[in-house]
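Residue-level structure breakdown
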Amino acid sequence: MWCHDDARAYSDKHSIGLSRGVRQQFTLRNAPTLTNVAFGKRFFFEGDVSTLEEQALRPLYASGEMDMTGSEIEAMLAADSAYPRLFRQAFGDAPITMAHLTQALATYERTLISAHSPYDRWAGGDTGALSASAKRGAAVFFGKGGCAACHAPPLFTDGGFHNTGLDSVPSDSGLFRTSRRLADVGKFKTPTLRNIEVTGPYMHDGRFPDLEDVIAHYSAGGKASVQRDSLLRPLSLNDSAVIDLVEFLKSLTDLAELFRASPD
């Protein structure tokens, strides 16, 4: 998949900006990682979908993404050399349907569990699992940085929605699309930080190519706006603290085979 590459923890394989659709046109967002989506309650950056089955279906139909119809997808799968057999094994002799397809996709997505990173070993008592720099970064993350307020373990997301001061006047209204509440303009769902080392570029629009850029944004306190989250404040992190925080964030990368290579 273009937008959910297993080598990048099922995030966009492209290194900058917005994700692209089937004709290489830009979509509205940078596709997020599928890491630990099994535990999610609302999906997409504006949270307008509440099940993985619907989440799996939406991009297939979207004109700016895969731009297909249900009948086209069913016919394509039925003509494949392998899928009819696999669907019979899973669902019996019933014909391939979109309901079965979305069930299969969602079930697979629920297997993408990240819980074996160096951080997890360290949190479990292995004091040597993190470098000295990463341990100092943990102190920033859970202390002065206040990062855990929205990115608390074990999932490293609160599942909520925040305006993080990316723009004084947001060009993308975010959660407002769903809620129609002015207070929600520019709010987006908090992404998980698990596997963040390999899931760049960052933010809903992929504007930051590197973790250092993300930290610089938060260290400055974000841009002033009416809807900016009250949790944001200038941190004025020095260069050493930034290096340490990046090292800690990298420790959230799960090196399990699941996130490194496609299954057979």
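Here, the structure is the one placed above.
Heads up: these notes are all about the structure in this document. (Residues numbered from 1 in each chain as written. Predicted model: local features only at pLDDT ≥ 70, side-chain atom pairs only at ≥ 80, totals over all residues. Heavy atoms only, no water.)

Here we look at helix 1 (residues 52-61)
- Taken together, the buried positions of helix 1 are Leu-52, Gln-55, Ala-56, Pro-59 and Leu-60. Take helix 1 and look down its axis: the buried residues cluster within an arc of 135°, on one side only.
- For helix 1, the elements touching its buried residues are helix 2 (70-78) and helix 4 (98-109). (Buried < 20%, exposed > 50% of the residue type's maximum accessible area, 1.4 Å probe, protein only. Helix = DSSP H or I, 4+ residues; strand = E, 2+ residues; numbered from the N terminus. Arc of directions from axis to C-beta. Contact = heavy atoms within 4.5 Å.)

Quick notes on the packing of aromatic side chains
- If you walk through the whole model with that rule in mind, you get ten aromatic pairs.
- Ring plane angle 75° and centroid distance 4.9 Å describe the contact between Phe-141 and Phe-142, whose orientation is recorded as edge-to-face.
- Phe-142 gets classed as partly exposed once you look at its relative accessible area, which sits at 39%.
- Pairing Phe-142 with Phe-248 gives two aromatic rings, centres 5.8 Å apart and planes at 70°, and the pair type is edge-to-face. Taken together, the positions of Phe-142 in helix 6 (residues 132-142) and Phe-248 in helix 9 (residues 239-250) put the pair 106 residues apart, joining distant regions of the chain.
- Within the aromatic cluster, the residues linked to one another by ring pairs are Tyr-119, Trp-122, Phe-141, Phe-142, Phe-156 and Phe-248. (Phe/Tyr/Trp six-rings, centres within 6.5 Å; stacked < 30°, edge-to-face > 60°.)

Quick word on the side chain of His-204
- Tracing the backbone through its elements, the reader meets His-204 in the loop between strand 2 (188-189) and helix 8 (211-219).
- With sequence-adjacent residues up to four places away left out, His-204 is seen in contact with Arg-29, Asn-30, Phe-45, Leu-166, Asp-172 and Phe-188.

Concerning the nonpolar core
- The biggest cluster of nonpolar side chains holds 26 residues, and the ones touching the most others in it are Phe-141, Leu-193, Ile-215, Leu-237, Phe-248, Leu-249 and Leu-252.
- Among the elements of the structure, helix 6, helix 8 and helix 9 are those that each provide at least two residues to this core.
- For this core, the leading source of residues is helix 9, giving six residues.
- Judged by nonpolar contacts, the second largest core, of eight residues, contains Tyr-10, Val-37, Phe-43 and Val-49. (Core = buried A, V, L, I, M, F, W, Y, C linked by side-chain atoms within 4.5 Å.)

Some thoughts on the pattern of salt bridges
- For the structure shown, the criterion picks out 13 salt bridges.
- Among the ionic pairs, Lys-187 bridges to Asp-184, the shortest N-O distance being 3.3 Å. One exposure class covers both Lys-187 and Asp-184, and it is buried.
- The partner of Asp-205 in a salt bridge is Arg-207, and the shortest N-O contact between them spans 2.8 Å.
- Classification of Asp-205 as buried rests on a relative accessible area of 19%. (Salt bridge = Lys/Arg side-chain N within 4 Å of Asp/Glu carboxyl O.)

Here's the deal with helix 4
- Taking 1.5 Å of rise per residue, the twelve residues of helix 4 would be expected to cover 16 Å, and the 16 Å separating its terminal C-alpha atoms lies within 8% of that figure.
- Residues Met-98, His-100, Leu-101, Thr-102, Ala-106 and Glu-109 constitute the buried set of helix 4.
- Elements that come into contact with the buried residues of helix 4 comprise helix 1, helix 2 and helix 3 (83-91). (Expected span 1.5 Å × (residues − 1).)

Section: the environment of Leu-175
- You can see Leu-175 is positioned in the loop between strand 1 (161-162) and helix 7 (176-179).
- Distance in space between the C-alpha atoms of Leu-175 and Asn-163 is 9.4 Å, their sequence separation being twelve residues.
- Once residues lying within four places of it in the same chain are set aside, the contact partners of Leu-175 are Arg-42, Glu-46, Phe-161, Asp-184 and Lys-187.

Section: the packing of helix 1 against helix 4
- Here helix 1 crosses helix 4 at 115°, and the two axes come no closer than 8 Å. Pair helix 1 / helix 4 crosses with right-handed handedness. Facing helix 1, whose interface residues are Leu-52, Glu-53, Gln-55, Ala-56, Leu-57, Leu-60 and Tyr-61, helix 4 presents Met-98, Leu-101, Thr-102, Gln-103, Leu-105, Ala-106 and Glu-109. (Axes fitted to C-alpha atoms, helices over the stretch in contact; angles between N-to-C directions. Left-handed = near helix turned anticlockwise from the far one by under 90°.)

A look at unusual backbone geometry
- For the bond from Pro-153 to Pro-154, the omega torsion is 10°, close enough to zero to count as cis.
- The topology assignment puts Pro-154 in the loop between helix 6 and strand 1.
- A cis amide bond links Gly-200 to the next residue, Pro-201, at an omega of 5°.
- Looking at the secondary structure, you find Pro-201 in the loop between strand 2 and helix 8.
- Located in the positive-phi region is Asn-195, a residue other than glycine, with phi close to 65°.
- Classification of Asn-195 by relative accessible area gives buried; the value is 1%.
- Of note in the backbone geometry, Ser-236 takes a positive phi value of approximately 50° without being a glycine.
- Its location among the elements puts Ser-236 in the loop between helix 8 and helix 9.
- You can call Ser-236 exposed: its relative accessible area is 59%.

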